[in-house]
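Analysis of the macromolecular model
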Amino acid sequence: MLREEATGSAATPSDRRPRYGLADAAWEFVLTSVLLYCVVTAARWLTSPDSPLAVNSTRAATAMVGVVVGVLLVVLIISPPGRCSGAHMNPAISVALWLMGAFPGRYVPAYAAAQLAGSVAGTALGRLCWGPVVSRPSLRYAAVHPGPGWSTAALVVTEAGCLILVVVMVGFFLARPSISRWLPYAVGTATALIITVLGQLSGGSANPARQLGPALLSGGARLLWVYLAAPLVGASIGAAVHCLFQRRLGAPAPCTYRLCGNDAALRRRARQVA
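Just so it is clear, the model here is predicted, and its values are computed rather than measured.

1. Section: the side chain of serine 202
Assignment of secondary structure puts serine 202 in the loop between helix H7 (183-198) and helix H8 (208-218). The contact partners of serine 202, leaving out residues within four places of it in the chain, are His145, Pro146, Trp150, Leu155, Thr158, Glu159 and Tyr227.

Okay, structure coming up:
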């Protein structure tokens, strides 16, 4: 296991790797499991017709689910496990941080595997807790799907576009110590907006781990490849945009992989700027 050192006046390689090495991937499994369990739970109680908390308007129910997921992401990111692993909960974010030089590539497969496994585990836990109601056609384990008239190309562009914007935002916050502590709230807000605006259109997944478990358990894997691949494409483009800004405009590079932004390297950079 690799422990992070907090010595020196500049970011060192240890600032850019999991504090406890591959063991931190286990926290990604736990965090993603909690996320998917809560997504299934929110869908069960806010959208199921037999629920006393069900919202009559589909758009309003989608917006409420978006708010719940956004708040949950903030809580998970700033939680102790989230501070330990970085709280990516999204293979596309792990890939993007690697491409931006903030996260070592050798940990990406372990993080992605843990996140995808957590998606399946969290969805299965939701089924175990709430019973067969979550498998009904109206819920389908909270799997997302495009609305009527959406082509595969439009779905790819939309899902990739969401990640481009999110990755550029993440890179911007993590490179600036004065505002990095606000990144969890920015991620939660962005996610809530994506679900609210796109939930009834493209599905608003923007996360391979968000869709894998529900799609597999519901048997609706026809467009699963889009929801898995498009965010990775968008993350790669977003990382390339950030690196272009960095080279052409002198923008700083992110010096931590933790979405909480509370990192020793960021604190050192803040002291240097001051």
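Right, picking up where we left off after that structure.
2. Some points on the environment of leucine 97
Within the secondary structure, leucine 97 sits in helix H4 (residues 91-99). Relative accessible area serves as the criterion here: at 0%, leucine 97 is assigned to the buried category. Residues leucine 97 and tyrosine 257, spaced 160 residues apart in sequence, show a C-alpha to C-alpha distance of 6.4 Å.

3. Notes on the confidence of the model for the chain
When pLDDT is averaged along the chain, the result is 89, and 89% of the positions lie at 70 or above. Here helix H10 (residues 264-273) is the element of the chain with the lowest mean pLDDT, 54, and H7 is the one with the highest, 98. Low pLDDT, under 50, characterises residues 1-14; the stretch is placed with 35 contacts to residues that sit more than four places away or in other chains.

4. Notes on the packing of aromatic side chains
Two aromatic rings are characterised by how far apart their centres lie and by the angle between their planes. Within this structure, the stated rule accounts for six aromatic pairs. Ring geometry for phenylalanine 172 against phenylalanine 173: centres 6.1 Å apart, planes inclined by 80 degrees, an arrangement best described as edge-to-face. Residue phenylalanine 172 is classed as partly exposed on the basis of its relative accessible area, which comes to 39%. Between tryptophan 182 and tyrosine 185, the ring centres sit 5.9 Å apart and the planes meet at 55 degrees, which makes this aromatic pair tilted. Classification of tryptophan 182 by relative accessible area gives partly exposed; the value is 45%.

5. A look at the layout of surface pockets
Its boundaries defined by the atoms lining it, the largest pocket holds a volume of some 630 Å³. Along the wall of the largest pocket there are 29 residues; nearest its centre are Thr47, Thr62, Ala143, Gly199 and Gln200. Contributing elements (two or more residues each) for the lining of the largest pocket: helix H1 (24-47) and helix H2 (58-78). The dominant element in the lining of the largest pocket, judged by the number of residues it contributes, is H2, at five residues.

6. Considerations on empty space enclosed by the protein
Applying the stated criterion across every chain, the model contains one cavity of 30 Å³ or more. A volume near 340 Å³ is recorded for the largest cavity. Among the elements of the structure, H1, H2, helix H6 (152-174) and H7 are those that each provide at least two residues to the lining of the largest cavity. No other element matches H7, which puts five residues into the lining of the largest cavity. Classifying every residue of the lining of the largest cavity by side-chain character gives 18 nonpolar, six polar and one charged.

Here is what the cut-offs are and how they apply
- Residues numbered from 1 in each chain as written.
- Predicted model: local features only at pLDDT ≥ 70, side-chain atom pairs only at ≥ 80, totals over all residues.
- Heavy atoms only, no water.
- Helix = DSSP H or I, 4+ residues; strand = E, 2+ residues; numbered from the N terminus.
- Contact = heavy atoms within 4.5 Å.
- Buried < 20%, exposed > 50% of the residue type's maximum accessible area, 1.4 Å probe, protein only.
- pLDDT = per-residue confidence, 0-100.
- Phe/Tyr/Trp six-rings, centres within 6.5 Å; stacked < 30°, edge-to-face > 60°.
- 1 Å grid on protein atoms, 1.4 Å probe; cavity = no way out; pocket = protein on both sides within 12 Å on 5 of 7 lines; lining within 4 Å.
- Points joined across faces, edges and corners; volume = space filled by probe spheres on them.
- Nonpolar A, V, L, I, M, F, W, Y, C, P; charged D, E, K, R; others polar.

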